[in-house]
Amino acid sequence: MCDLRLSLTHSELMQVEKPARYLGGETNSVPAKREPALRVCLVFPDLYELGMSNLAVKIFYEQLNLRDDVSAERAFAPWVDFEKLLLKKQLKLFSLESGRPLSDFDVIFVTIPYEMTFTNILNILYLSQIPLRYLQRNHGPLIIGGGPSASNPLPLAAFFDAILIGEGEEAIEEICDCIIKSKKSDLNVTDTRKALSEIEGLWVDQFPKSVKRRVLKSFSCTKAPVNHIVPNVRTVHNRATIEIFRGCAQGCRFCNAGYYYRPVRERKASCLIDASNELLQNTGEEALGLLSLSTTDYSCLAGLIEGLENTRLYPEQTVSIPSMRMSKNTIQMLENTSKIKSTGLTFAPEAGSQRLRDIIRKDITADEIMNVIQIAKGEKYRKIKLYFMIGLPFENDEDILAIADLINKIEKTVRYVKPRRQINVSLSGFIPKPFTPFQWAGQNSIEELKRKRRLVIANLKNTKCSWREEYLCMLEAVLSRGDKKTSELIEAAWQNGARFDGWNEQFNTEAWEKAFETTKIDSALYTGEKKLDSKLPWSFVDFNTPISYLKNEYLMAEKKAGELP
Amino acid sequence: MKKNLTVYYEKTGFSRYIAHLDTTDIICKALRRISLPCATTSGCHVRPKIQFGSALPLGHASLCEKFMVVIEQDVDPEYVKQHLKLPEGMRVTSAEISEPEKCRDNAEKVGYNLYFLTSLAASAAEEYLKSDQHICVIKKGRKKSYRLSEALVSISLQDAIVKVVFRQGVKNVPSASMVINALTNSSEAVRDNLRLVERTFTTTIVMRENSVESKNTC
């Protein structure tokens, strides 16, 4: 096997940005095994800096490499300069551990974290010289995907041999066993796919049947991975992360992740303290991120933070709490954790008015928000980030003005104590995601989202505000609510040059416009409101949440909005 | 009693493509992993007291990198050498306890081996470096011109290797990195045949009134 990294000359590597992204050799990375029964490549379809922050990659890398019969390596989406270099040299995309071309692996597991990486997935296959559509593939690696953005697998159906719905820790072991068995029995690709379709949670387009979302019931008893690779390039989240619980106790009606990771399963605080110390000892990271969908809902958070403080390994150690609710728990935590350092606080009130927060089931009140801000205005928090959504179902202009009003109040309170404190506000358009109570809701048109965004900004006093491009919101809605025809759209956009769609500087509106035109796909069909009794394209997926529950939640939202008696 | 621990290390192989700031980050993490009793800075953001040598340009290998860390308790330098785990291609070569240094000299002599794929390209590179070229660099938005010969201390050619000593950190003298960049931009033949840029030694130049004295640091 040749190491393709050695095919690149010094001057070629010097022409790409951050060449260390592609060369591996990091502390705690596992060298490729010599002759394993199965060679796996874990692919994250975005840059190294993002992929190395992704928890799924860390979990599967550590888990699979513990097996003697499996060797797991990594690959990430190459940035445009490296893509050009690979094409110029006619080199295939390769793994970081051994420089082995992706086409030489037995299976490629692709994490699908967000819709804006879909074109990157195609680009990775193309650069690996692997045919894009599974029906064109009779040999070579199996391409298996999974992740929150594949909960509706239809838009990617044409490209993947199989897509896992739900959590992967148990399923990935079963998939590896199944492929090893198929290899030993010399099964052809079709028969292997057939065998894979028997695994719970795994949806195989060639052998379609209803599929049930996979849940790791034993999560609470599992040990968090503690041997994270120490990246050679600074990542977006430059810290060690530990998942304290999975699932979300809240029931926000717009949130796909809240439903994807149900039910709530907590790890014990004592186990987390031991694992955190082991993790920090193994990585030397300065900061520890306590990861979950809503960290302040963790039942033993105060005990956990105190335990971490009492067993602190080095003076500069900090704790980062990325997902906080503006609730009583947060207030308690902020009051009790004076010794824990944090540079910033991030909150997502999502809506400005109480009426709309009730409709979307974001159970926080204006008083709670202001109480949290009052406490957080202390000296140690330099940055406060606030996330809001616009275009939510049953929203009116008063709700939009309430966003500006709330931000202005927060700004006034915060600046009173520390005039130079940074407040960052971010606005994003609502996306009606599958498997949520709002899956039937329609999305506002691009023009309407723009109008609402301008209305918020016009009413802000001092705060700077950033926002997500409205076209991207529309696109994300199409890609998440898509059907099999959407595959054509994704492929056409990729052919037109779409890559790194989540990156503003790379997003190519023309490529997508042209793709809509050539595939004759009307985006309004995907973004529009759906009737409650209509059959949804993704209804073959049993999400472990009865459809009657989702309908009831939607009707309750409608009732709150006063549109139902 | 606070002391300095000086750690010397190599940065070769693919690790030469790790940028300087990332390297400092990696070293700080490696020090935490061996629980080194580092002294820390005071202030809001507590940091270990570490001083790195001049930044090694991206892509340059080095056999003579070093950093100094202030320690609060005695440590065995040999333990640090054996246990400090760095990425593939980076290796601690030695470590020693020294008294804290008060000032840091920026002026230094640096030795480089430039490995070429062909002796023809090496010879072209030698010729370029020997010629009294002016090189233009944009610094803080301003175009600045340097005489290349100001940086050159000695040069020799051995098959396909150009062995060269530069001085840098002195006013109106281009850095070794500027000269090597200018060299690679001088012709395609030189650029495409340059296989490896390897720093072999660094010598601090102690500046005194009316005299310059060299102090071997590595």
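Residues numbered from 1 in each chain as written. Chains lettered and ligands numbered in written order. Predicted model: local features only at pLDDT ≥ 70, side-chain atom pairs only at ≥ 80, totals over all residues. Heavy atoms only, no water.

A.B. asks: Looking at this structure, I do not really get the overall build of chain A. What am I missing?
C.D. replies: Scanning chain A from N- to C-terminus turns up 20 helices and 17 strands. Taken against the 2.2 N^0.38 rule, which gives 24 Å for 565 residues, the C-alpha radius of gyration of chain A at 24 Å falls within 12% of a compact globule. Within chain A, the proportion of its 565 residues that are buried is 62%. Taking the intrachain contacts of chain A between residues at least 6 apart in sequence as the baseline, contacts between residues at least 24 apart amount to 78%. (Helix = DSSP H or I, 4+ residues; strand = E, 2+ residues; numbered from the N terminus. Rg over C-alpha atoms; globule rule 2.2 N^0.38 Å. Buried < 20%, exposed > 50% of the residue type's maximum accessible area, 1.4 Å probe, protein only. Contact = heavy atoms within 4.5 Å.)

A.B. asks: Sorry if this is basic, but what is going on with the interface of chain A and chain B here?
C.D. replies: Listed per partner, the contact involves 30 residues of chain A and 29 residues of chain B. Interface area for chain A against chain B, summed over the two sides, is near 2,600 Å², with a carbon-plus-sulfur share of 52%. Among the residues of chain A in contact with chain B, H10, N232 and E316 of chain A are the three that bury the most area, contributing 22% of the side total. Inspection of the chain A/chain B interface yields five salt bridges. Across the pair R234 of chain A and D25 of chain B runs a salt bridge, and its minimum N-O distance is 3.4 Å. Where chain A meets chain B, there are 14 residue pairs in polar contact (both at pLDDT 80 or more). Contributions of two or more residues to the side of chain A that touches chain B are made by α1 (10-14) and α9 (269-283) of chain A. Ranked by the residues each element gives to the side of chain A that touches chain B, the list is headed by α1 of chain A, at four residues. Considering only residue class, the side of chain A that touches chain B consists of 11 nonpolar, 12 polar and seven charged. (Buried area = accessible area lost by both parts, 1.4 Å probe. Salt bridge = Lys/Arg side-chain N within 4 Å of Asp/Glu carboxyl O. Polar contact = N/O pair within 3.5 Å; in protein donor to acceptor, adjacent residues only side chain to side chain. Nonpolar A, V, L, I, M, F, W, Y, C, P; charged D, E, K, R; others polar.)

A.B. asks: Just to check I follow, could you spell out the confidence of the model for chain B for this structure?
C.D. replies: Detail in the predicted coordinates should be disregarded across regions flagged by low pLDDT. Per-chain confidence: chain B averages 89 in pLDDT, with 91% of residues scoring 70 or above. Prediction confidence for the complex, expressed as pTM and ipTM, is 0.94 and 0.92 respectively. (pLDDT = per-residue confidence, 0-100.)

A.B. asks: Help me out: how do you make sense of the packing of aromatic side chains in this one?
C.D. replies: For any two aromatic rings, the description comes down to two numbers: the centre-to-centre distance and the angle of the planes. Residues and elements named next belong to chain A. All chains considered together, the criterion is met by 21 aromatic pairs over all chains. Aromatic pair Y22 and F82: ring centres 3.7 Å apart, planes at 5°, arrangement stacked. Here F82 lies in helix α4 (residues 80-89) and Y22 lies in the loop between α1 and β1 (38-44), a separation of 60 residues in the sequence. Like Y22, the residue F82 is buried in the burial classification. Arranged with centres 3.9 Å apart and planes meeting at 10°, the rings of F435 and F543 form a pair that is stacked. Taken as a pair, F435 in the loop between β15 (422-429) and α15 (446-458) and F543 in the loop between β17 (541-542) and α20 (547-560) lie far apart in primary sequence, 108 residues in all. Each of the two residues, F435 as well as F543, counts as buried. Each residue in the set Y260, Y261, F435, W538 and F543 is aromatic and connected to the rest through ring pairs, giving one cluster. One Lys or Arg, R74, reaches over the ring of Y61 and ends 5.4 Å from the middle of that ring. Looking at R213, its charged tip hangs above the ring of F543, at a distance of 5.1 Å from the centre. (Phe/Tyr/Trp six-rings, centres within 6.5 Å; stacked < 30°, edge-to-face > 60°. Lys NZ or Arg CZ within 6 Å of the ring centre and 35° of its normal.)

A.B. asks: Explanation requested: the state of the cysteines in the structure shown.
C.D. replies: Linking two cysteines covalently through their sulfur atoms gives a disulfide. Applying the stated criterion to the full structure yields zero disulfides over all chains. Summary of cysteine pairing: C38 of chain B is not part of a disulfide, and the nearest cysteine sulfur, belonging to C28 of chain B, is at 8.2 Å. (Disulfide = S-S within 2.5 Å.)

A.B. asks: Explain the pattern of salt bridges here, please?
C.D. replies: A side chain of one charge can pair with a side chain of the opposite charge when the charged atoms of the two come close. All names here are of chain A. Per the counting criterion, the structure on display carries 51 salt bridges over all chains. One salt bridge connects D161 with R193, and the closest N-O pair in it is separated by 2.7 Å. Taken together, the positions of D161 in the loop between β4 (142-146) and β5 (162-164) and R193 in helix α7 (residues 189-196) put the pair 32 residues apart, joining distant regions of the chain. Residue D161 is classed as buried on the basis of its relative accessible area of 2%. For R246, the salt bridge identified is with E169, shortest N-O distance 2.7 Å. Residue R246 is located in strand β9 (residues 245-246), and its partner E169 is located in helix α6 (residues 169-184); the two are separated by 77 residues in the primary sequence. The same class applies to R246 and to E169, which are both buried.

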